[in-house]
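Listed below, chain by chain, are the residues.
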Amino acid sequence: MHRKRSNIHERFLRHIWSKQYIKGASLLTIDNIPLKVLKAGILNPDGGPDFTDAEIIIGGTRYRGDVEIHRTPLEWLQHQHQHDPRYNKVILHVVLEGDPQSAQTFAESGRRIPVLVLDRVLSQPIRVLWQKAILDERARTSEVIPCSRLNADIPSELLHDWLRKLSVERLELKLRRFEERLRQLAEEEIMAFREPHRRYGEIPREGYPEEIPPPTIELKQHHFSKKRLWEQVLYEGVMDALGFSKNREPFVRLAQSVTLQRVEELRVSSNTHQLEALLFGAAGLLPSPKGVQLKESRAYLRSLRSEWQDIKRLFKSDLLKAADWQFFPTRPLNFPTVRLAAAVGLIQKILHEDLFRKIIQSFKSLLSPPETHESLLRLFHAELPPFWQSHYTFDQTSPTPVRALGRSRINDIIVNTILPIVLLYARIFKEREIRERVLGFYEWFPPLSENSVTKLMENQLNRGKVKISSVSLQQGIIQLYKYYCVEKRCAECEVGRVVFQQPLTRGELDKAKGVTPKAPRLSNPP
């Protein structure tokens, strides 16, 4: 029985807690303090405690804060929560099984956290609750989109054309995000204060009101002609992709703190070890060697920390903290330490191998879409620093060689970063041929890996009507779910308007009958 329970996933335990499948009366902590749950809390899908805003009476005192769920008390220590200030608001540590000797739980602040053992208070046996969880999950997903039980007769032609239109809409949204950042960088460069040189003793002139720069700047094409602006946007987009879902925000913050310009000013771009020290130091991910057990790791870490101390004196920007990063629950290959190590090689490619220009050239050339794809895969091939080819963290080795970026991760970067940036370049500089090649490539590119959204939409809407043979259709179905189904914008959805019998225009009636419309186009073409 113990072996079975040790394999129970935390997701199942979180489900038990959220549904409160426990005996509500006479609850006791592991050291026999009376406990009553008033509010289980809100499930936290991101990093940090599993539940937030819980309300619990413990020993007669009402507490409001976070709840953390584990299989055993030991996992609190294994996940290093005792060193993470984000867990200082935890008011209850909930575990499946444990004993008083092994259940001591302390926050980073030093406060002792009460522990509740579920094994003693489950309302029904584990196998029964497991079946309930399956039924709950089915109930949760069966009604996700409003038309799930009504869309069986939607014509495949209407759905296909609607997905094509939405695929362009999604690409446009990504493009505009990069455009906003590019404009911000261009404006910052124009507004940068450069004090004019004057001779010693010369009285400074205060200036005239008409010389004050306007609050808003009208940007022209030539303001975007500097390659370093595009390289910084590319760098931030790649760092965003390296963060996956759990670490996107700190990766982007790091890229905007350790900018390419700062890397060049510090003169560390050609030295892999110094660049690694800069990234890990600014990220707050250079721990004390005293806490690292592996001897070779301690020596490597001391070397990086020594380099960082020299660089830090010249580094005048914001620093991140170790608590900003999420290691669990993610696969070791996706740990931020491994992804930061991969960023070292990508920064060097941008600064020393003219990566941005080569990307643009890939779409300027007469290569076929498959040839363009292979060209981009080669451009993003990078080697990890030697240490990280065999380590996930400073204290965790890998049984197999670690790669900087796999093919699937590069494909994600191509779809979510490269295509919108190149399309933005084509729009600003009126490069119509590049634009057409990007859109053609988007229509050809194979779908990315399936995820929960694409599976849900296949089961509840598509049902095999449209073959999702390209990434553009896949992006269209994601756009439909996120911006129409979730937001209940059925009246604006071509499927919803048919299903819920909204008045249709002549063009919409043609689509329902299978009349093929013209291919969708991006707004504001160059």
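It should be noted that the structure appears before, not after, this text.
Since this is a predicted model, take the numbers as computed values, not measurements.

**Considerations on the overall build of the protein**
Here is step 1: Of the regular secondary structure elements, the protein holds 19 helices and 9 strands.
Here is step 2: Counting all 526 residues of the protein, 48% fall into the buried class.
Here is step 3: Here the protein displays about 28000 Å² of accessible surface, and carbon together with sulfur accounts for 51% of that area.

**Regarding the pattern of salt bridges**
Here is step 1: Per the counting criterion, the structure on display carries 29 salt bridges.
Here is step 2: Linking Arg64 and Asp53 is a salt bridge whose minimum nitrogen-to-oxygen distance equals 2.6 Å. Placement of Arg64 in strand 5 (residues 61-70) and of Asp53 in strand 4 (residues 51-58) is noted, with a sequence separation of 11 residues between them.
Here is step 3: Taking the shortest distance from any N to any O, the salt bridge between Glu374 and Arg407 comes out at 3.2 Å. Taken together, the positions of Glu374 in helix 13 (residues 369-379) and Arg407 in helix 14 (residues 407-428) put the pair 33 residues apart, joining distant regions of the chain.
Here is step 4: On the basis of relative accessible area, Glu374 is assigned to the partly exposed category, the value being 34%.
Here is step 5: The network of salt bridges with common partners includes Lys227, Glu231, Asp354 and Arg357.

**Digging into the state of the cysteines**
In a disulfide, the sulfur atoms of two cysteines are covalently bonded to one another.
Here is step 1: According to the stated counting rule, one finds 0 disulfides in the structure shown.
Here is step 2: Sulfur of Cys147: no disulfide; nearest cysteine sulfur belongs to Cys485 and is 6.1 Å away.
Here is step 3: Overall, Cys147 belongs to the buried group, its relative accessible area being 9%.

Conventions adopted
- Residues numbered from 1 in each chain as written.
- Predicted model: local features only at pLDDT ≥ 70, side-chain atom pairs only at ≥ 80, totals over all residues.
- Heavy atoms only, no water.
- Helix = DSSP H or I, 4+ residues; strand = E, 2+ residues; numbered from the N terminus.
- Buried < 20%, exposed > 50% of the residue type's maximum accessible area, 1.4 Å probe, protein only.
- Areas by Shrake-Rupley, 256 points an atom, 1.4 Å probe, with all protein chains shown as cover.
- Salt bridge = Lys/Arg side-chain N within 4 Å of Asp/Glu carboxyl O.
- Disulfide = S-S within 2.5 Å.

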